[in-house]
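Breakdown of the fold
Here are the chains, one letter per residue:
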Amino acid sequence: MSYFEYILEKRPVIAAVKDLSDLEAVPKDKVAAVFILGGDIFNLPKIVEAAIELDKLVFLHIDLVKGIGKDKYGMKYLAEEIGIEGIVTTKSYLIKEAKKCGLITIQRLFILDSSAFDSGVNIIKSSQPDLVEVLPGLVFPHLADELSDKLEQPIIAGGLIRTQEELDFVLDSGILAVSTSSKRLWGKEY
């Protein structure tokens, strides 16, 4: 078990933030990690620095950031100059480049139907990310056994989890963690 997995077992809610104002709402002691879902080359250093000052593990959804190359140089820049822990992406080639730079990799898997499920599992098996994020998150409990049988990686659920009941439903299904932009869910006890 990696350090990141250990931390998520203790604090399984990941705050998904878009900017500095979102970051200001992240509780210090309830959330261990943040997913930054946007920004650009100019404001990203400030957002990451603020997250690190809050003692959070910082992951960047690289597909949503503007101005940073989606290549090996962009990954190296993020690892060495910006100081993130890892990336979130839908792109397999970025998983491979980020791993070369020592970043933790989380590949997003959108499960919209059975075809997307099958092709997503094949993509994950090929790219070998450290973790998988399943979207929409509410689908995970219905596919938990099948996904766990087919994938070796720990799984995070994200997307469209808005209420405490939905969060509890997903967390009770055997998932490692849940990412959510719903600020009212960031401070809950688990």
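Only a predicted model underlies this, so the values are computations on that prediction, with no experimental measurement involved.

Let's shift gears to the nonpolar core. Within soluble globular proteins, side chains that are nonpolar generally end up buried alongside one another. Of all hydrophobic cores here, the largest spans 48 residues; its most connected members are Leu44, Leu78, Ile84 and Leu147. Excluding residues that lie within four positions of it along the chain, Leu44 makes contacts with Ile36, Leu60, Val65, Ile68, Leu78 and Ile82. In this structure, Phe4, Phe35, Leu57 and Val88 belong to the second largest nonpolar core, which totals 17 residues.

On to the pairing of strand S5 (residues 104–110). Extensive coverage of S5 is indicated by the burial of 5 of its 7 residues. Bridge count between strand S4 (residues 86–89) and S5: 4 bridges; the pairing is parallel. Directly across from Ile87, in S5, lies its bridge partner Thr105. With respect to chirality, the unit in which S4 leads through helix H5 (residues 92–100) into the neighbouring parallel S5 is right-handed.

Moving on, we come to helix H3 (residues 44–53). All buried positions along H3 are accounted for by Leu44, Ile47, Val48 and Ala51. Buried residues in H3, looked at end-on, bunch into an arc of 95°, giving them a common side. In H3, the exposed positions angled more than 90 degrees off the buried face are occupied by Lys46 and Glu53. Within two residues after H3, Asp55 carries a phi angle of roughly 65°, on the positive side.

This part covers a negative patch on the surface. Side chains of Asp118, Asp145, Glu146 and Asp149 sit close together on the surface and give a patch of like negative charge. Of all the elements, helix H7 (residues 140–150) adds the most residues to the negative patch, at 3 residues. Mapped onto the elements, Glu146 comes out in helix H7. Take Glu146: its relative accessible area is 38%, and that puts it in the partly exposed class.

Bringing unusual backbone geometry into the picture now. Note the cis peptide between Leu135 and Pro136, where omega equals -15°. Positionally, Pro136 belongs in the loop between strand S6 (131–135) and H7. The backbone of Asp55 shows a phi angle near 65°, a positive value even though the residue is not glycine. Structurally, Asp55 can be placed in the loop between H3 and strand S3 (57–61). For Asp55, a relative accessible area of 59% translates into the label exposed. A positive phi angle, near 65°, is found at Leu160, a position not held by glycine. Structurally, the position occupied by Leu160 is in the loop between strand S7 (155–158) and helix H8 (164–171).

The rules behind each value
Residues numbered from 1 in each chain as written. Predicted model: local features only at pLDDT ≥ 70, side-chain atom pairs only at ≥ 80, totals over all residues. Heavy atoms only, no water. Core = buried A, V, L, I, M, F, W, Y, C linked by side-chain atoms within 4.5 Å. Buried < 20%, exposed > 50% of the residue type's maximum accessible area, 1.4 Å probe, protein only. Contact = heavy atoms within 4.5 Å. Helix = DSSP H or I, 4+ residues; strand = E, 2+ residues; numbered from the N terminus. Pairing = 2+ DSSP bridges. Right-handed = clockwise from strand over helix to strand, strands pointing away. Arc of directions from axis to C-beta. Patch = residues over 30% accessible without salt bridge, like charges linked within 9 Å, V, L, I, M, F, W, Y side chains within 5 Å. Areas by Shrake-Rupley, 256 points an atom, 1.4 Å probe, with all protein chains shown as cover. Salt bridge = Lys/Arg side-chain N within 4 Å of Asp/Glu carboxyl O. Lys, Arg positive; Asp, Glu negative; His and termini not counted. Charge placed at Lys NZ, Arg CZ, Asp CG, Glu CD.

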